[in-house]
Amino acid sequence: MTHFYRPAQGHGLPHDPFNAIVGPRPIGWISSLGADGSRNLAPYSFFNAFNYTPPLVGFSSVGHKDSVTNLEATGEFVWNLVTRDLAEAMNETSTMDAVDEWERSGLEPTESTVVRPPRVAASPVSFECVVTQIVRLQDKDGGEVDAWMTFGEVVGVHIDEAFLVDGVYDTALARPVMRGGGPSAYFEVGERFDLRRPS
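The numbers attached to residues start from 1 for each chain and follow its sequence in the written order. Per-residue local features are limited, in this predicted model, to residues with pLDDT of at least 70; the limit for side-chain atom pairs, both in listing and counting, is 80 or more; totals at the level of whole chains, interfaces and linings are taken over all residues. As a rule here, side-chain values come from all non-hydrogen atoms in the structure, and water together with hydrogens is ignored.

Novice: Summarise the overall build of the protein chain; cite the residues concerned and give the values.
Specialist: Here a helix means four or more residues in a row that DSSP labels H or I, a strand means two or more in a row labelled E, and each is numbered from the N terminus. Across its full length, the protein chain carries 5 helices and 14 strands. What the globule rule says is 2.2 Å times the number of residues to the power 0.38, and the radius of gyration is computed from C-alpha atoms. Since a compact globule built from 199 residues should have a radius of gyration of about 16 Å, the 18 Å found for the protein chain is in line with a globular shape. Considered along the principal axes of its C-alpha atoms, the protein chain spans approximately 50 × 45 × 35 Å. A 1.4 Å probe rolled over the protein chains alone gives each residue an accessible area, and that area as a share of the maximum for its type sets the label: buried under 20%, exposed over 50%, partly exposed in between. Burial status across the protein chain gives 38% buried among its 199 residues. We call two residues in contact when some of their heavy atoms are within 4.5 Å. Residue pairs at least 24 apart in sequence account for 58% of intrachain contacts in the protein chain once pairs closer than 6 positions are excluded. Here the Shrake-Rupley method, with its probe set to 1.4 Å, supplies the accessible areas, and only the displayed protein chains count as covering residues. Surface accessibility of the protein chain: about 12100 Å² in total, with carbon and sulfur atoms responsible for 52%.

Novice: Give a description of the sheet that holds strand E10 (residues 144–159) that names residues and reports values.
Specialist: Think of a sheet as strands paired side by side through backbone hydrogen bonds, with each pair either parallel or antiparallel. Ordered in space as E3-E2-E6-E9-E10-E5-E4, the 7 strands form an open sheet in which the pairing is antiparallel. For this open sheet the edge positions go to strand E3 (39–44) and strand E4 (47–51), each flanked by a neighbour on one side alone. Pairwise comparison of adjacent strand axes, ignoring direction, gives a mean angle of 35° for this sheet. Strand pairing is assigned whenever DSSP detects at least two bridges linking the two strands. Across 12 bridges, the pairing between strand E9 (residues 125–138) and E10 is antiparallel. Paired with Ile134 across the two strands is Thr150, which belongs to E10. To define axes, lines are fitted to C-alpha atoms, for helices over the stretch in contact only, and angles between the resulting N-to-C directions are given on a 0 to 180 degree scale.

Novice: Tell me about the environment of Gly156, residues and numbers included.
Specialist: Summarising the element assignment, Gly156 is placed in strand E10. On the basis of relative accessibility, which here comes to 13%, the residue Gly156 falls in the buried class. Excluding residues that lie within four positions of it along the chain, Gly156 makes contacts with Ser126, Phe127 and Glu128.

Novice: So what's going on with the pattern of salt bridges? Residues and values would help.
Specialist: Take a side-chain nitrogen of Lys or Arg and a carboxyl oxygen of Asp or Glu: if they are within 4 Å of each other, that pair is a salt bridge. Throughout the structure, instances matching the rule amount to 8 salt bridges. Several salt bridges share partner residues, and in doing so they unite Asp85, Arg175 and Glu188 into one network.

Novice: Outline a nonpolar patch on the surface, listing residues and values.
Specialist: Distance thresholds for patches are 9 Å for like charges and 5 Å for nonpolar side chains (Val, Leu, Ile, Met, Phe, Trp, Tyr), applied to residues having over 30% relative accessible area and no salt bridge. Nonpolar side chains collect at one region of the surface, where Phe18, Ile21 and Val22 lie side by side and expose about 310 Å² of accessible area between them. Assignment of secondary structure puts Phe18 in helix H1 (residues 18–21). What makes Phe18 partly exposed here is its relative accessible area of 47%.

Structure (structure tokens):
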């Protein structure tokens, strides 16, 4: 027996299962600067990598939030890895209030190398990015959706060498936090296993 629903008609469950099914999802912890130099730090639950060469990442903002406004104005951002040790601080930056998220969370910024927005100093991995596209999403009928997808080319990568094992980045060792379903569900990457590639 399966639970079937048409999203346009509602899911009929206590919480929308879409976010839980497509998961766990990497968190797009995006630092940016406004045209006036004001700083912003915000997590996005729709984030991923989309290409190897050049390396492209992207995140979707439901609503035209400060990050999108900043990236339209400046064309630069930094993605910062959320680890288990940083999860509570990341959560403090998830606010719509007119506050400085850096001060609210107690996080220290540090200078980037290529772009102007700062990195999260405590994050073991950061991608410095230049915006390549900002696309307003559409529904199946071509109608505009209240969501904007920003793609960026990674032009600088910072990796804490403690997470390089024999020159290979160890994902599980970094303990990245992923977004799940429900209003407050997060997951930590756990055990690694290997699968042989088909010949």
